[in-house]
There are 2 protein chains.
Amino acid sequence: MISQLIEKIREKQAPVVVGLDPMLSYIPQQIVKEKIADHGETLKAAAEAFWEFNRQIVDAVCDLIPAVKPQSAMYEQFGVPGVEVYERTVSYCQEKGLVVIGDVKRGDIGSTSAAYAAGHLGHVQIGSTRLSGFHEDFATVNPYLGSDGIRPFLDVCRSDSKGIFVLVKTSNPSSGEFQDREIEGTPLYEIVGRQTAAWAEEAMDGEYSEVGAVVGATYPEMAKRLRGMLPHSYILVPGYGAQGGKAEDLPVFFHDNGLGAIVNSSRGIICAYQKEQYAEFGETAFADASRQAVIDMIEDIRQYVVVK
Amino acid sequence: MISQLIEKIREKQAPVVVGLDPMLSYIPQQIVKEKIADHGETLKAAAEAFWEFNRQIVDAVCDLIPAVKPQSAMYEQFGVPGVEVYERTVSYCQEKGLVVIGDVKRGDIGSTSAAYAAGHLGHVQIGSTRLSGFHEDFATVNPYLGSDGIRPFLDVCRSDSKGIFVLVKTSNPSSGEFQDREIEGTPLYEIVGRQTAAWAEEAMDGEYSEVGAVVGATYPEMAKRLRGMLPHSYILVPGYGAQGGKAEDLPVFFHDNGLGAIVNSSRGIICAYQKEQYAEFGETAFADASRQAVIDMIEDIRQYVVVK
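Along each chain, numbering runs from 1 in the same order as the chain's sequence is written. Whichever chain is written first becomes A and whichever ligand is written first becomes 1, with later ones labelled in order. Where local features are concerned, this predicted model is filtered to residues with pLDDT of at least 70; where side-chain atom pairs are given and counted, the filter is 80 or more; whole-chain, interface and lining totals use all residues. For the side-chain quantities, the full set of heavy atoms in the structure was used; hydrogens and water were omitted.

Moving on: the overall build of chain A. Helix and strand assignments come from DSSP, with helices taken as H or I runs of at least 4 residues and strands as E runs of at least 2, each series counted from the N terminus. If you tally the helices and strands in chain A, you get 12 helices and 14 strands. Here the C-alpha radius of gyration of chain A, 19 Å, is about what a compact globule of 308 residues would show, namely 19 Å. Seen along its three principal axes, the alpha-carbon backbone of chain A occupies a region of about 60 × 55 × 35 Å. When burial is assessed residue by residue, chain A has 65% of its 308 residues classed as buried. The contact definition used throughout considers only heavy atoms, calling two residues in contact when any of these lie within 4.5 Å. The long-range share in chain A, meaning contacts at least 24 apart out of those at least 6 apart in sequence, stands at 74%. Working definition of accessibility: Shrake-Rupley area with a 1.4 Å probe, residue cover restricted to the visible protein chains. For chain A, the computed accessible surface area is about 10,300 Å², with 47% contributed by carbon and sulfur atoms. Charged side chains in chain A number 28 positive and 42 negative. The centres of these two groups are separated by 1 Å. For the radius of gyration, the atoms used are the C-alpha atoms, and the globule rule reads 2.2 Å times the number of residues raised to 0.38. A simple rule labels every residue: compare its accessible area, found with a 1.4 Å probe on the protein chains alone, to the largest value its type can have, and call it buried under 20%, exposed over 50%, or partly exposed in between. The charged-residue count follows a simple rule in which Lys and Arg add positive charge and Asp and Glu add negative charge, with His and chain termini not counted at all. For charged residues, the charge sits on one atom: NZ in Lys, CZ in Arg, CG in Asp, CD in Glu.

With 71 residues of chain A in contact, the opposing surface of chain B contributes 71 residues. What counts as buried area is the accessible surface, traced by a 1.4 Å probe, that two parts surrender upon association, with contributions from both included. Counting each side, the surface lost to burial between chain A and chain B is near 5,700 Å², with a carbon and sulfur contribution of 63%. It is Glu41, Tyr144 and Phe178 of chain A that lose the most area in chain A upon contact with chain B, and together they represent 16% of the buried surface on that side. We define a salt bridge as a side-chain nitrogen of Lys or Arg found within 4 Å of a carboxyl oxygen belonging to Asp or Glu. At the surface where chain A touches chain B, the tally comes to 4 salt bridges. Residue Lys105 of chain B is joined to Asp108 of chain A by a salt bridge in which the shortest nitrogen-to-oxygen separation is 2.7 Å. Residues belonging to the side of chain A that touches chain B are distributed by class as follows: 31 nonpolar, 27 polar and 13 charged. In this classification, the charged set is Asp, Glu, Lys and Arg, the nonpolar set is Ala, Val, Leu, Ile, Met, Phe, Trp, Tyr, Cys and Pro, and all remaining amino acids, among them Gly, are polar.

So, on to the relation of the copies chain A and chain B. Turning chain A through 180° and shifting it by 0.0 Å along the axis lays it on chain B, with an RMSD of 0.0 Å. In symmetry terms, the pair is related by a two-fold rotation axis. For chain A, the minimum C-alpha distance to the rotation axis belongs to Ile183 of chain A and amounts to 2.4 Å. Taken as a fraction of all interface residues of chain A, those also at the interface in chain B reach 100%, which identifies the copy contact as same-surface. Overlaid copies result from least-squares superposition on C-alpha atoms, with residues included only where pLDDT is at least 70 in both.

Residues and elements named next belong to chain B. When DSSP locates at least two bridges between a pair of strands, those strands are taken to pair. Spatial ordering of the closed barrel is given by 1-2-3-6-7-12-13-14, a layout of 8 strands whose pairing is parallel. For this sheet the average axis-to-axis angle between neighbouring strands, irrespective of direction, equals 30°. Here 2 bridges tie strand 2 (residues 67–70) to strand 3 (residues 99–106), and the two strands are oriented parallel to one another. Counterpart to Val68 in the pairing with strand 3 is Val100. Its contacts with the sheet place helix 7 (residues 147–160) against strand 3, strand 6 (138–141), strand 7 (163–169) and strand 12 (211–215), and it is angled at close to 145° to strand 7. For helices, the axis comes from a line fit to the C-alpha atoms of the stretch in contact; other axes are also lines fit to C-alpha atoms, and the angle between any two N-to-C directions lies between 0 and 180 degrees.

It is worth spelling out helix 7 of chain B at this point. An ideal rise of 1.5 Å per residue puts 20 Å on 14 residues; helix 7 of chain B measures up with 20 Å between its terminal C-alpha atoms. Restricting attention to buried positions, one finds in helix 7 of chain B the residues Ser147, Gly149, Ile150, Pro152, Phe153, Leu154, Val156, Cys157 and Asp160 of chain B. Multiply 1.5 Å by the residue count of a helix minus one, and that product is the helix's expected span.

A few words now on the pattern of salt bridges. Scanning the model with the defined rule gives 34 salt bridges over all chains in all. Note that Lys105 of chain A is salt-bridged to Asp103 of chain A, the shortest N-O span being 2.9 Å. Owing to a relative accessible area of 8%, Lys105 of chain A belongs among the buried residues under this scheme. Overall, the relative accessible area of 4% leaves Asp103 of chain A in the buried class. Salt-bridge contacts for Arg88 of chain B lead to Glu84 of chain B; the nearest nitrogen and oxygen are separated by 2.7 Å. A residue pair is termed a helical-turn pair when its members lie 3 or 4 positions apart in one helix, as Arg88 of chain B and Glu84 of chain B do in helix 5 (residues 79–95) at 4 residues. The exposure class of Arg88 of chain B is partly exposed, given its relative accessible area of 21%.

This brings us to helix 2 (residues 29–39) of chain A. Residues and elements named next belong to chain A. Turning to helix 2, its buried residues number three or more, namely Ile31, Val32 and Lys35. On an axial view of helix 2, the arc spanned by its buried residues comes to 95°, and they lie on one face. The exposed set on the far side of helix 2, more than 90 degrees from its buried face, consists of Lys33 and Ala37. Against the buried residues of helix 2 lie helix 3 (43–61) and helix 12 (286–302). At the exit of helix 2 stands Gly40, carrying a positive phi of roughly 75°. This arc corresponds to the set of directions leading from the helix axis out to the C-beta atoms.

What follows concerns the pairing of strand 1 (residues 16–20) of chain B. Residue and element names in this part refer to chain B. With 5 of 5 residues buried, strand 1 lies mostly within the body of the structure. The alternating pattern of strand 1 places Val16, Val18 and Leu20 on one face and Val17 and Gly19 on the opposite face, and all of these are buried. Note: strand 1 against strand 14 (residues 261–265), 3 bridges, orientation parallel. Paired with Val17 across the strands is Asn264, a residue of strand 14.

Quick look at the sheet that holds strand 12 (residues 211–215) of chain A now. Residues and elements named next belong to chain A. Taken together, 8 strands build a closed barrel; the order of strands is 1-2-3-6-7-12-13-14 and the barrel is parallel. Taken over all neighbouring pairs, the strand axes of this sheet differ in orientation by 30° on average, direction set aside. Sheet topology note: the strand 13 (residues 235–237)/strand 14 (residues 261–265) ladder contains 3 bridges and is parallel. Considered in strand 14, the bridge of Leu236 is made with Ile262. Relative to the sheet, helix 7 (residues 147–160) contacts strand 3 (99–106), strand 6 (138–141), strand 7 (163–169) and strand 12, its axis offset from that of strand 7 by approximately 145°. Against the sheet, helix 10 (residues 220–229) contacts strand 7, strand 12 and strand 13, and its axis sits at roughly 135° relative to strand 7.

Put into structure tokens, the structure is as follows:
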């Protein structure tokens, strides 16, 4: 799957992923009102508002970008109807030719991790039929439980040509609380990084591995060391834009040929119409505002990183 | 919520939770066949087989135990129909008077963690209506992202009287890969344990906190230290039975009055009919086998731990 992602990044000349992480407050009130009129004040109404919002944004930006990253939490907050729209969003984005990174941050052990891997990336066998639950192309995974938690994902990466991004150094302010603690002089995130490099060796797909790493845009100094440690891993970079990560800090995440990383923006894109910079679009043209924000983001990054 | 759990533990005289973690191979073939006859070879058929299996087991054991712990992964493997049955199982168990610990191991940051907390424990506001997505009573959470990930859960614990169990030392063989690494002489799980104790102080509910900890039955030596470090936290103990944890190792997880911990068994209970010990029940009486296995587990633990 990583080779397909790279192909799309090259084709679009854009190492960029749009985070589809809606909140009700992001969605034009007209859409929310319509859905409440149709479904009452229900979880279903909220979920359908998400769907309408996502669909219009995806239609507006899908020719510009290689990938999207829906955030499972935002959908789970609306229970089963929310999860149904999560799956519908994954399917729709794949129909539009986008690679889908499911930001699910799952992590468990043994047969439980195997079930997460099957449900999100792989398949299950029902009688003589092979079926897929959420069928994302990549999933984010949490390493705290160690190899027992990751190995079942590696198996599915190999059998179903899918990929994972292991949380190594997250973009949030408190990520250092545990991740930066030093173990014989080495911070935990580097130990996780080294282990991720070992896992990556077990699931190569061309020059890169199906096993990537999450490293926050807000920590470029740490990224420099991790880049060296993870020669075959794509780095998924959250934290650009709204969280404070800047384009000039991004080159250390990439290899010299402009490959090796993909930068996420969520709020900066999907809420663009709520920002002063794009206010002229107005609420009804929210998706056009998102399109302009994607164009601007790609241009901003191209000043510092050129995909060859 | 912890005070309600303790009340039920006292009432049933059983510090025991049954893990509802089915796999298709655990379910009597007759049930699977019936559901495939009804729904074809679909995700829906598999999910409905889970439901029938869960319902019969819950009916058979609900008078004996205070709580159940459905494992989200097992349901997610069947996509949306699986998640629908997860929610149906949560509702049914609550109707039967059981406390539900959602084993979801979620963990993210900021507004994303807030969305997980709202979806699993709290509520969302749609217009003037307050609704709950999955409405578990407790959820398991992953601490790797630090306080940014946990604080939103603490807020919901307080506002909605719910609880969490933070993964501190998991029961699996590779849990030591990161969790046991020493930071200035202190293993990471103890650092997480200390931080969990601080979080626990922020959400007290009577003598105990809404913030508990997961510590595997397979690591009693570590549990002894963690028990001392976490005076106000309930310990959720996985790993008894199938994973190798023994009743004689359990007292260190408890306070002297038999409170302070709750022991999980999943396969040992729900697959009892597949074990030689309970083979006499046969496939059709699988739920009776589960009931007998619960009675035996409670008796086994009572030899070492008495709830006062």
